[in-house]
Amino acid sequence: MGKIKMDLEAAVRNDPAATGKWEVFWTYGGFKALYRHRFAHWFYRRGFKYLAQLISAGTRRKTGVDIHPAADIAGGVFIDHGVGVVIGETTKIGTNVVIYQGVTLGGTGKQTGKRHPTVEDNVMISAGAKVLGAITVGHDSKIGAGSVVLKDVPPHSTVVGVPGRVVRLQGEKVEDLNQQRLPDPVRDEFDRLRARVAELERKLGACASDEDDGGEPNE
């Protein structure tokens, strides 16, 4: 019950719309999903896996939140709204983590063992973000909305983009992360066309110069 109490306190603390714990307890889908997950996880760890999966399936139908009963979630987690949230089997989540709607903490393939993220304390994962693979999101970090995170995130970082890249570290803007330029076929085609136009303009200029001098234009 200690973790459930921490979840209630986290919801009231992180949601300015919350008027109190009773409102959260009875009406918040994200809290209900965590509440039910605590029981599913308890049964799963004691070998009652089928019962745990039944509880998890019922939670998904009721709340739209899909949490595998094996996922290890500390107390004090807040899932805001929650619809579309997916948390995989080997995910580990620390305390005081805020997760918004549409977030996926998932895997990247069919490998066995640890294949889902570890999210450390005091992390915020914004709406629609995908954190994939056996990576670690360092404590006190923020993941921007819609980001796709495929690599470890250092503590005290802000990550945005597809794929996710660190744009702030320890409160300071990151100017050069030696990250590879993302493929952009449209930009590459514009660059090619600009180079071709510049070449044609150079040739036309040379032809015009030859005509002014009375010579034969170059082919």
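Scroll up to find the structure this text is about.
Nothing here was measured: the structure is a model prediction, and the numbers come from that model.

With that settled, consider the nonpolar core. Membership of the largest hydrophobic core comes to 28 residues, with the highest contact counts inside it found for Ile67, Ile79, Ile87, Ile99, Leu105 and Ile125. Residues within four places of Leu105 in sequence aside, it is in contact with Val86, Ile87, Gly88, Thr91, Ile93, Ile99, His116, Pro117, Val119, Ile125 and Val131. Formed by 10 residues, the second largest nonpolar core is a distinct cluster that contains Ile4, Leu8, Ala18 and Val98.

We now examine the pattern of salt bridges. Should their charged atoms come close, side chains of opposite charge can pair. This structure, assessed with the given rule, holds nine salt bridges. Of the charged contacts in the structure, one is a salt bridge between Arg38 and Asp7, with a shortest N-O distance of 2.8 Å. Of the two residues, Arg38 is situated in helix H3 (residues 29-45) and Asp7 in helix H1 (residues 2-14); the sequence distance between them amounts to 31 residues. Accessibility expressed as a relative area gives 12% for Arg38, which makes it buried. With relative accessibility at 2%, the residue Asp7 sits in the buried group. Residues Asp66 and Arg60 are paired through a salt bridge, measuring 3.5 Å at the closest nitrogen-oxygen approach.

This next bit is on the pairing of strand E14 (residues 157-160). On E14, burial follows the alternation: Ser157 and Val159 on one face are buried, whereas Thr158 and Val160 on the facing-out side are not. Sheet topology places strand E12 (residues 142-143) next to E14; two bridges connect them, and they run parallel. In the sheet register, Lys142 faces E14, and the bridge partner there is Thr158. Here E14 runs beside strand E15 (residues 165-169); their pairing, made up of four bridges, is antiparallel. Within the sheet, the bridge partner assigned to Thr158 lies in E15 and is Arg168.

Taking 1.5 Å as the rise per residue, helix H4 (residues 49-63) with 15 residues should run 21 Å; its terminal C-alpha atoms sit 21 Å apart, in good agreement. Residues Ala52, Ile55, Ser56, Ala57, Gly58, Thr59 and Thr63 constitute the buried set of H4. Where H4 is buried, its residues meet H3 and strand E1 (66-67). With its phi angle positive at about 80 degrees, Gly64 sits one or two positions after the end of H4.

A rise of 1.5 Å per residue sets the reference length of H1, with its 13 residues, at 18 Å; its end C-alpha atoms lie 18 Å apart and thus fit the reference within 8%. Taken together, the buried positions of H1 are Ile4, Asp7, Leu8, Ala10 and Ala11. One side of H1 carries all its buried residues, which in axial view fall inside an arc of 160 degrees. Turned more than 90 degrees away from the buried face of H1 sit Lys5 and Arg13, all of them exposed. Looking at the buried residues of H1, the elements they touch are helix H2 (21-27), H3 and strand E3 (78-79).

Reading the values: the criteria
Residues numbered from 1 in each chain as written. Predicted model: local features only at pLDDT ≥ 70, side-chain atom pairs only at ≥ 80, totals over all residues. Heavy atoms only, no water. Core = buried A, V, L, I, M, F, W, Y, C linked by side-chain atoms within 4.5 Å. Buried < 20%, exposed > 50% of the residue type's maximum accessible area, 1.4 Å probe, protein only. Contact = heavy atoms within 4.5 Å. Salt bridge = Lys/Arg side-chain N within 4 Å of Asp/Glu carboxyl O. Helix = DSSP H or I, 4+ residues; strand = E, 2+ residues; numbered from the N terminus. Pairing = 2+ DSSP bridges. Expected span 1.5 Å × (residues − 1). Arc of directions from axis to C-beta.

All we've got here are geometric facts, nothing functional implied.
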